[in-house]
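Working through the structure, step by step
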Amino acid sequence: LSKQVIAKKIKDDGLIINPCLKPGSPPEYDLEPASYDLRTGTIIWKETDVTTGKPNTKRIDFDPAKGNADQATMTLHPGQVAFVITREEIKMGKKMCGTVYAKNKFSRDGILAFTTGHIDPGIQCHVVVRLINLRSTQHTLQLGEPIYTIVFHNIEFSDEALLVEHAPISLEKTIQNTIRSADEALGNTLYDISLLNNFIK
């Protein structure tokens, strides 16, 4: 879908809940010519407590009372994994689907994004992507920064009655699932499997 069609669907159908607005009068949705950049709303990760030596799951959330420049940051160490939940919620129409891509800057910076992909028709949810730092230096993630690009598509069908909507997924459920995944995932993949540690030695 084009920028103009996306904007109309946001206004009329709530396609994107809590969309980013450009400054100006009147304010406009911050859209690309045929896509929208989703922003970082919550970051969940696991790191080892320096005093106890035990892994702890940590979380930071976007603060609506602060501007983007004043939002909290998270340092992604070499080999470390983090889960990012978008600030926006997608409310997909029954006759639409979406495709989510990591921003190009992450691949350029050596940050690999997992689980980007397809957004089902009819679903209402936040988007979750796992990031892993494949570079040799730290990388800073900031709440509120654009992190994924979503492209919207209309679905062609022969019988509308055969279209099936995906059940909505609440933010609370998304956070619960993500925390559970973070607890079960490797906190620092490369170090945990000794690849980077042995390489450095």
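The following refers to the structure shown. (Residues numbered from 1 in each chain as written. Predicted model: local features only at pLDDT ≥ 70, side-chain atom pairs only at ≥ 80, totals over all residues. Heavy atoms only, no water.)

Let's shift gears to the side chain of threonine 40. Structurally, threonine 40 is set in strand β5 (residues 35–48). Exposure remark for threonine 40: the relative accessible area of 1% places this residue in the buried category. (Helix = DSSP H or I, 4+ residues; strand = E, 2+ residues; numbered from the N terminus. Buried < 20%, exposed > 50% of the residue type's maximum accessible area, 1.4 Å probe, protein only.)

For the coordinates displayed, the defined rule picks out 6 salt bridges. When the shortest N-O distance is used, the salt bridge between lysine 8 and aspartate 12 registers 2.6 Å. With lysine 8 and aspartate 12 both in helix α1 (residues 3–13) and 4 residues apart, this pair spans about one turn of that helix. Owing to a relative accessible area of 46%, aspartate 12 belongs among the partly exposed residues under this scheme. Between glutamate 47 and lysine 58 there is a salt bridge; the shortest N-O distance is 2.9 Å. With a gap of 11 residues between them, glutamate 47 in strand β5 and lysine 58 in strand β6 (residues 55–61) connect regions that are remote in the sequence. Take glutamate 47: its relative accessible area is 27%, and that puts it in the partly exposed class. With a relative accessible area of 35%, lysine 58 lands in the partly exposed category. (Salt bridge = Lys/Arg side-chain N within 4 Å of Asp/Glu carboxyl O.)

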